[in-house]
Amino acid sequence: MEVFTLSAFETSAEAFFTTLRRRHADLVLDVRLRNTNQLCGFTKKKDLEFLVPALTGAAYRHDLQLAPSPGLLDAYRHKDIPWETYRARYRAEMEEAGAVEHFHKEYGRFHCVCILGTATAKRRSHSEVLAELV
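Residues numbered from 1 in each chain as written. Predicted model: local features only at pLDDT ≥ 70, side-chain atom pairs only at ≥ 80, totals over all residues. Heavy atoms only, no water.

**Q** Tell me about the pairing of strand 2 (residues 27-30), and name the residues and values.
**A** Of the two faces of strand 2, the one lined by Leu27 and Leu29 and the one lined by Val28 and Asp30 are each fully buried. Pairing of strand 2 with strand 3 (residues 59-62), which is carried by four bridges, proceeds in the parallel orientation. In the strand pairing of strand 3, leucine 27 is matched with alanine 59. For strand 2 and strand 4 (residues 112-117), the ladder comprises four bridges, and the chain directions are parallel. Within strand 4, the residue paired with valine 28 across the bridge is cysteine 114. (Buried < 20%, exposed > 50% of the residue type's maximum accessible area, 1.4 Å probe, protein only. Helix = DSSP H or I, 4+ residues; strand = E, 2+ residues; numbered from the N terminus. Pairing = 2+ DSSP bridges.)

**Q** Before we move on, can you summarise the pattern of salt bridges with the specific residues and values?
**A** If the charged atoms of two oppositely charged side chains come close together, the side chains can form a pair. Counting across every chain of the model gives seven salt bridges. Glutamate 95 is the partner of arginine 91 in a salt bridge, and the nearest nitrogen-oxygen pair spans 3.4 Å. Of this pair, arginine 91 and glutamate 95 both sit in helix 4 (residues 83-97), separated by four residues, roughly a single helical turn. Judged by relative accessible area, glutamate 95 falls into the exposed class, the value being 53%. Residues joined in a network through salt bridges with shared partners are Arg87, Arg91, Glu95 and Glu132. (Salt bridge = Lys/Arg side-chain N within 4 Å of Asp/Glu carboxyl O.)

**Q** Which residues make up the environment of arginine 109, and what values go with them?
**A** Take arginine 109: it is sitting in the loop between helix 5 (99-107) and strand 4. Between the C-alpha atom of arginine 109 and that of leucine 27, which follows or precedes it by 82 residues, the distance is 9.9 Å. A polar side-chain atom of arginine 109 sits 2.8 Å from the main-chain carbonyl oxygen of glutamate 106. (Polar contact = N/O pair within 3.5 Å; in protein donor to acceptor, adjacent residues only side chain to side chain.)

**Q** Can you break down the packing of helix 3 (residues 70-77) against helix 4 residue by residue, with the values?
**A** Direction vectors running N to C along helix 3 and helix 4 enclose 170°, while the axes themselves pass 10 Å from each other. Considered as vectors, helix 3 and helix 4 are oriented roughly antiparallel to each other. Residues Leu72, Leu73 and Tyr76 of helix 3 pack against Trp83, Tyr86, Arg89, Tyr90 and Glu93 of helix 4. Split by residue class, the contact of helix 3 with helix 4 holds six nonpolar, no polar and two charged. (Axes fitted to C-alpha atoms, helices over the stretch in contact; angles between N-to-C directions. Parallel < 35°, antiparallel > 145°, perpendicular 65-115°, else oblique. Contact = heavy atoms within 4.5 Å. Nonpolar A, V, L, I, M, F, W, Y, C, P; charged D, E, K, R; others polar.)

**Q** Please set out the sheet that holds strand 3 residue by residue, giving values where relevant.
**A** Here we have four strands laid out as an open sheet, ordered 1-4-2-3, and parallel in their pairing. Among the strands making up the open sheet, the edge pair consists of strand 1 (2-7) and strand 3. For this sheet, the mean inter-axis angle between neighbouring strands, taken without regard to orientation, is 25°. Helix 1 (residues 13-23) contacts strand 1, strand 2 and strand 4 of the sheet and is inclined by roughly 175° relative to strand 1.

As structure tokens, this is what we get:
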């Protein structure tokens, strides 16, 4: 299985869907805690549920079991903790929750999985940590 990450922010729809097609993704796994507000633009959950299969033929799943806890995410987003602390705490949350086993059980049949996160030019995303774990 190939696993790669893609950010829902600071990208155009053209670049986003071209990347999915070019990489031959057959699953877009959305691990964002919050994916329904207008700041998500074209990557809102309801839009991706339609657009991903229609434009790429891939499946789309939103899995909150692989998202960080709200308190942890907020501490990082508000700069209360640095990246390395966030990374370590997210990793610990995922290990405690059995995330690797969950991932392989639920998504092991896919050949190329895109883990959708929220990295920006100034902020890294837990999606890269999850990709390392699986």
